[in-house]
Structures are given as C-alpha cells and as structure tokens.
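The primary structure of each chain is shown beneath.
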Amino acid sequence: MINSRHLFPLSALSLAVIITTGCSLNSETDNPDDPAYSHADSLPVYSQASFEQYQAETADWLRENRIFMTEDRETELSKVLPAQYTPDHPNGQGVLLVHGLGDTPYSYIDIAHHLATKGYLVRTVLLPGHASKSGDLILPSYDDWQGVVHHHINLLKQDVDSVWLGGYSTGANLVTTEALNDSEISGLLLFSPAFEPSMPAVKWAKLASYFIDWADQDPEDNPLRYNSLPMNGAAVYYQTSEEVQKALNGQFYDKPVFMMMSEADSVISTDYAHQTFNQQFTNPANRLIWQGEKPLADPRSSQLSMDLPEQRISNGSHMGLMFSPHNPDYGIDGNNLICSNGQGEVLEKACIEGAEVWFSAWGYTEEGKNHARLTYNPYFELSISALDEVMSSVNIATAK
C-alpha cells in the first residue's frame, strides 16, 4: 500500500520519467508477462584480467540471457557487445567509452571507428543490466556501474601510455567522476552529459522503487537499446548525477574537455552542463559544440543551427549527437526509425505506417508535422574535427 504522502512525489516522478527516458509512461502493457520484463538470476562479471576475456564471457552471458529480436543472433549480438577498435598505426593513447542508461556500446560505433583511424586504441564497455532485456535493469547498483568503468580504466592503462575517457549521458557522469579522482586521465569526451536531469523529481526514483518496479514499460522492438525502464535504473542514474555533482563541487578540471549537447535536449539540464563547462572546465583548448539557436558567450563554444528544414530537422535530440548520417541503423537512410517520440498514438501510428516525418528531440510537437526521433548528427564530420583538435592539444610525452 502506498501512503498518501508519497502520491505527489510519485506523480512528479512519472512526469520526470517520461522526459528522462524519452518514452511514454505506461502502467499496463499489452503483455505484462512478456519475458523482456523478467530479469536474470545475476549480472555478468566484469572484473576479468583481460579485455578479451571480458568480451568472451560477456558474450556467453548475453547468449544465455538476452532476448533476441532478429534471426541473425550473432550479428545482433556483435552490435551490442563491448568492443575493441585497434588502430593500424597506434599513437600510444587509449580511449574508454561508456554508454548511457538503456543504451549499449553501439552508441559509439561511428565515433570509435574514427578514433581508431587517428591511432587511438578504443574500447567500449557494457554497463551491467544492459543489452540483455529491460528487466535486468532491476538488478544493478551504482557500484556495479562505477565498478566496471574503474576496472576497465585500469586494464586499458596496462596497454597504452595514456587514457582518455568518453561518456554519453549517464556514462558522462561515470567517466567525469573517475577523471576528477584520477590525475592520470588525459581528458574527457562528453556527449549529452547528464550531470543534472531536466526534471528534479527523478530524485524520488529510489523511494518509488520500494513501491513499484517499473518507471515505464513499452514494447521492446529496438535491438540496440531498451524502450522500457525499471524504477531501479532511474534510481541508479540519479545516483550517478549525485556523485558527479559531489566530485565537481568546488573543483576545477584543467585537463582538455570536449563537450557536445543539443539545446532542445529534453533529458538533461543543459544549463547545468553549460555552466560547468564555462566555470569549472578551465583548459583553453576545450570545445563545446552547441546544437541550437541560442548563441553562447564562451569563445570555446561553437553554435550549430538545428533549424534545418531542407533535412526535415526541427531541432537536436539527446541521442542524435552520436551517429553519422551514414550510419546503417540510425543515419539518414537507416533502418531503425524511432516513431515513439512523445507525440501520441495517432502520429506514432502514422509514422510507423510510412507517413512523411520530420525529426526532433523527444516530446517536440509542431502543428502539421509528424516528428520521429532525430537519431543522427547532421554536423558529424565538423563535430569530430573539433573533438580531434581537443585531443591533439595533449602531447603524448606529457599526457601522464
């Protein structure tokens, strides 16, 4: 039984979850017994002595516990596994990349390939509870997520002379916390950093998890990320934001930082992230790529308009930063169109049935237009060039 004093926090949380997950809140599903909403007996181990062993054992665990969505299971699996991108001409530096809540290492496929061409040894990790079935997000704790990042930083250090950390959304919280406590890290690559959620009510997720298991349940039809979210997943995300804010409190970070975010992002507080960049990330080589219409005063910032009617783009999204327009799944001609975009069932159904769509952040509406999620970055090459400039500001001889 829920005490009446909890009704307001839970109601506020429901709204926050809609924003934070980019999904529609749905307390009853067409199939509440769907195995996607069950969970494994335990999470996979991440503390292996080598990255190769970690990959192999994670693959074995996922083969047993993942709910596959296509006939080609091994191809599907290869997209969501932790991966290593080995450069042809190593520069002695490594990059560890960490995905966000509900996502998988596939988030980095385009960025990681690029970094490898520049000589970096690149690795991606899988946050426990991801890439199997959404119900497995009932299981992890904050220590599980921070633990896998910490362990694989140390593994990567054994194979390179210096290490960069990259994080998307929740992953940005985890890697920034590590970098603020590890002077050996060369710098940070931050994409849609979720330092602070757009709606403060997410702080009630831990309390809510004692009363209800799910923040959101939707049909699972995307093999690359979850559509649904257990309340525990929202609670652990919020803890990552608390921990990174503690680490940032009163601190200045003078190593190079690349940051990219969208003005219309409905998931994060862009004001908080922007303020952190301006006031606490002090390196003059830093770059902030800002996809939006409002100009920024910091000379280290670059504004890129997302009012792009020729591409049927209305604004930028939380996830759209990560992928090239040529990505086979999420690019211009990609095969993964996200019609569930906070516009209601009528427009979503029309999108699914092939109606012409525009592209936007979750929840954006405009009269006379049907908006699917923007899943690619129309400025991908320009953005990556700015990232390269930030990373080249560190001389490998002085990286440590």
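Look up: the structure comes first, before these words.
One structure accompanies this document, and this report is about it.

Cut-offs used in this document
- Residues numbered from 1 in each chain as written.
- Predicted model: local features only at pLDDT ≥ 70, side-chain atom pairs only at ≥ 80, totals over all residues.
- Heavy atoms only, no water.
- Pairing = 2+ DSSP bridges.
- Helix = DSSP H or I, 4+ residues; strand = E, 2+ residues; numbered from the N terminus.
- Contact = heavy atoms within 4.5 Å.
- Axes fitted to C-alpha atoms, helices over the stretch in contact; angles between N-to-C directions.
- Phe/Tyr/Trp six-rings, centres within 6.5 Å; stacked < 30°, edge-to-face > 60°.
- Lys NZ or Arg CZ within 6 Å of the ring centre and 35° of its normal.
- Parallel < 35°, antiparallel > 145°, perpendicular 65-115°, else oblique.
- Left-handed = near helix turned anticlockwise from the far one by under 90°.
- Buried < 20%, exposed > 50% of the residue type's maximum accessible area, 1.4 Å probe, protein only.
- Right-handed = clockwise from strand over helix to strand, strands pointing away.
- Arc of directions from axis to C-beta.
- Patch = residues over 30% accessible without salt bridge, like charges linked within 9 Å, V, L, I, M, F, W, Y side chains within 5 Å.
- Areas by Shrake-Rupley, 256 points an atom, 1.4 Å probe, with all protein chains shown as cover.
- Salt bridge = Lys/Arg side-chain N within 4 Å of Asp/Glu carboxyl O.

Read from one edge of the open sheet, eight strands run E1-E3-E2-E4-E5-E8-E9-E10, paired in mixed fashion. Where the open sheet ends on each side, the last strands, each with one partner, are strand E1 (84-85) and strand E10 (301-304). Of the strand pairs in this sheet, strand E8 (residues 257-262) and strand E9 (residues 287-291) are connected by five bridges, and their pairing is parallel. Within the sheet, the bridge partner assigned to Phe258 lies in E9 and is Arg287. Helix H9 (residues 270-280) contacts E8, E9 and E10 of the sheet and is inclined by roughly 155° relative to E8.

A few words on the packing of aromatic side chains. Tallied over the entire structure, the rule returns eight aromatic pairs. Between Phe323 and Tyr330 the ring centres are 4.7 Å apart and the planes differ by 55°, which places this aromatic pair in the tilted class. Chaining the aromatic ring pairs together yields one cluster made of Tyr106, Phe323 and Tyr330. Here Arg66 stacks its cationic end above the ring of Phe68, 5.5 Å away from the centre of that ring. The lysine or arginine in question, Lys369, covers the ring of Trp358, its NZ or CZ lying 3.7 Å from the ring centre.

This paragraph deals with the packing of helix H4 (residues 109-117) against helix H11 (residues 380-391). Direction vectors running N to C along H4 and H11 enclose 50°, while the axes themselves pass 12 Å from each other. The pairing of H4 with H11 is recorded here as oblique in orientation. Between H4 and H11 the crossing geometry is right-handed. Where H4 approaches H11, its residues Asp110, Ile111, His114 and Leu115 are matched on the opposing element by Phe380, Ile384, Leu387, Asp388 and Met391.

Attention now moves to the side chain of Ser360. Structurally, the position occupied by Ser360 is in strand E11 (residues 358-360). Of the residues examined, Ser360 reaches a relative accessible area of 0% and is grouped as buried. Leave out the neighbours within four places in its chain, and Ser360 touches Ser314, Asn315, Ser317, Asn341, His371, Ala372, Arg373 and Leu374.

We now examine H9. By the burial criterion, the buried members of H9 are Thr270, Tyr272, Ala273, His274, Thr276, Phe277 and Gln280. Among the structural elements, helix H8 (231-248), E8, E9 and E10 are those in contact with the buried residues of H9.

Most of strand E5 (residues 185-191) sits inside the fold, with seven of its seven residues counted as buried. Where strand E4 (residues 162-168) meets E5, six bridges bridge the pair, whose relative direction is parallel. Pairing of Tyr168 across the sheet is with Phe191, part of E5. With helix H6 (residues 170-180) bridging E4 and its parallel neighbour E5, the resulting β-α-β unit is right-handed.

Another aspect to go through is the environment of Ala386. Along the polypeptide, Ala386 turns up in helix H11. Taking C-alpha positions, Ala386 is 31 Å from Pro128, a pair spaced 258 residues apart along the chain. In this view, Ala386 contacts Phe258, Arg287 and Ile289; residues no more than four positions away in its chain are not counted.

This part takes up the side chain of Asn232. Take Asn232: it is sitting in helix H8. The contact partners of Asn232, leaving out residues within four places of it in the chain, are Leu137, Ile138, Leu139, Pro140, Ser209 and Asp213.

On to helix H3 (residues 73-80). Buried residues of H3: Glu76, Leu77 and Val80, and no others. In an axial view of H3, the angular spread of the buried residues amounts to 100°, which keeps them on one side of the axis.

This next bit is on unusual backbone geometry. Residue Ser192 is not a glycine yet carries a positive backbone phi of 45°. Examined against the element boundaries, Ser192 turns out to sit in the loop between E5 and helix H7 (205-209). Assessed through its relative accessible area of 0%, Ser192 is described here as buried. A positive phi angle, near 55°, is found at Arg312, a position not held by glycine.

What follows deals with a nonpolar patch on the surface. A cluster of nonpolar side chains, namely Tyr210, Phe211 and Ile212, defines an oily patch on the protein surface of about 310 Å² accessible area. Mapped onto the elements, Phe211 comes out in the loop between H7 and strand E6 (214-216). A relative accessible area of 33% means that Phe211 is categorised as partly exposed.

Between H6 and H8, the shortest axis-to-axis distance is 9 Å and the interhelical angle comes to 35°. Our pair here, H6 against H8, has a crossing hand that is left-handed. Each of Thr170, Asn173, Leu174, Thr176, Thr177 and Leu180 in H6 lies in contact with H8, whose residues at this interface are Tyr237, Thr240, Ser241, Glu243, Val244, Ala247 and Leu248.

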